[in-house]
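As a plain string of letters, each chain reads:
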Amino acid sequence: MAACRALRYLGAMKFCSACGSPDISLRVPAGDTLPRYVCPACGQIHYQNPKVVVGCLPEWEDRVLLCRRAIEPRHGLWTLPAGFLENGETIAAGAARETLEEANARVEVGALYTVISLPRIGQVYVMFRGRLLDLDFSPGAESLDVRLFREDEVPWEALAFRTIARTLRNYFLDRKLGEFPTRVSALERRAPVRPDLLGAG
């Protein structure tokens, strides 16, 4: 079962990145349990692993900072500042960097808040709570707009990603409850909508 899942996410590979050989084979290396691209010429095993997306939920009093995306995917929709973790970077540093890049906002990165696995696309979202240090923010290169929102002002129908909607809904619920546990969850593929159930209440 795990091997089938691994095969589904392997991207096509035409050349070995170590020696340039076009002779790449897909097989289970000795001592491993999953198929990998292996170069018979130099023996390099090419591991393909999930990408980590890091971000921040920037807070100011009773409001949160959201960015309106200037890039695809989901151009024009709203999100929390987040992006791919860079090599040599901690997840907290990545969250602060993404907040600065997308919203020109400086934050004190707080506690880890949500970890959401997206196994279907090979990503893991890691979101921190963060305290805005000031109100000097503006759209970065990847944002059309940046604004603070109270819960009743959040553009719920125009949020870019399910991970962001889940993080925000949990945040406002936890704020009412007065505690913020680290929430670990997964988002699987959405089930197709059945036309015969569209009118079901």
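Look a little higher up for the structure.
Below or above, wherever it landed, is the structure these notes cover. (Residues numbered from 1 in each chain as written. Predicted model: local features only at pLDDT ≥ 70, side-chain atom pairs only at ≥ 80, totals over all residues. Heavy atoms only, no water.)

Considering helix α2 (residues 91-103)
Thinking step 1. Between the first and last C-alpha of α2 there are 18 Å, a value that for 13 residues agrees with the 18 Å anticipated at 1.5 Å per step.
Thinking step 2. The complete set of buried residues in α2 reads G94, A95, R97, E98, T99, E102 and A103.
Thinking step 3. Check the buried side of α2 and you find it contacts β4 (51-60), β5 (63-69), β7 (82-84), β8 (107-118), β9 (123-132) and β10 (143-149).
Thinking step 4. At the C-terminal side of α2, N104 shows a positive phi close to 50°. (Helix = DSSP H or I, 4+ residues; strand = E, 2+ residues; numbered from the N terminus. Expected span 1.5 Å × (residues − 1). Buried < 20%, exposed > 50% of the residue type's maximum accessible area, 1.4 Å probe, protein only. Contact = heavy atoms within 4.5 Å.)

Focus on the packing of aromatic side chains
Thinking step 1. Tallied over the full model, the rule gives six aromatic pairs.
Thinking step 2. Aromatic side chains W156 and F172 sit 6.2 Å apart centroid to centroid with 75° between the ring planes, which places their arrangement in the edge-to-face category. Here F172 lies in helix α3 (residues 162-177) and W156 lies in the loop between β10 and α3, a separation of 16 residues in the sequence.
Thinking step 3. The exposure class of W156 is partly exposed, given its relative accessible area of 22%.
Thinking step 4. The exposure class of F172 is buried, given its relative accessible area of 1%.
Thinking step 5. Each member of the aromatic cluster is reached from another via a ring pair, and the members are Y113, W156, Y171, F172 and F180.
Thinking step 6. Seen from the ring of F180, R129 lies directly overhead, with NZ or CZ sitting 3.7 Å from the centre. (Phe/Tyr/Trp six-rings, centres within 6.5 Å; stacked < 30°, edge-to-face > 60°. Lys NZ or Arg CZ within 6 Å of the ring centre and 35° of its normal.)

So, the pattern of salt bridges
Thinking step 1. Using the criterion set out here, one finds 13 salt bridges in the structure.
Thinking step 2. Across the pair R129 and E59 runs a salt bridge, and its minimum N-O distance is 3.1 Å. Taken together, the residues span a long stretch of sequence, with R129 in strand β9 and E59 in strand β4 at a distance of 70 residues.
Thinking step 3. Measuring nitrogen to oxygen at the nearest pair gives 3.2 Å for the salt bridge that ties E101 to R97. Taken together, the residues E101 and R97, both in helix α2 and four residues apart, mark about one turn of the helix.
Thinking step 4. Residue class for E101 comes out partly exposed when judged on its relative accessible area of 41%. (Salt bridge = Lys/Arg side-chain N within 4 Å of Asp/Glu carboxyl O.)

A short note on the nonpolar core
Thinking step 1. In terms of nonpolar packing, the biggest core is built from 23 residues, with L66, Y125 and L168 touching the most fellow members.
Thinking step 2. For this core, the elements supplying multiple residues, two or more each, are β4, β5, β8, β9 and α3.
Thinking step 3. Among the elements that make up this core, the one with the highest residue count is α3 (five residues).
Thinking step 4. Setting aside chain neighbours within four positions, we find Y125 in contact with V53, T114, V115, I116, L118, F161, T163 and I164.
Thinking step 5. With nine residues, the next largest nonpolar core counts C56, L65, V107 and V146 among its residues. (Core = buried A, V, L, I, M, F, W, Y, C linked by side-chain atoms within 4.5 Å.)

Quick word on the sheet that holds strand β3 (residues 45-46)
Thinking step 1. Read from one edge of the open sheet, three strands run β1-β2-β3, paired in antiparallel fashion. Looking along the sheet, the strands with just one partner apiece sit at the ends: β1 (25-27) and β3.
Thinking step 2. Relative to β3, strand β2 (residues 36-38) runs antiparallel, the two being bridged by two bridges. Note on β3: the bridge partner recorded for Y37 is H46. (Pairing = 2+ DSSP bridges.)

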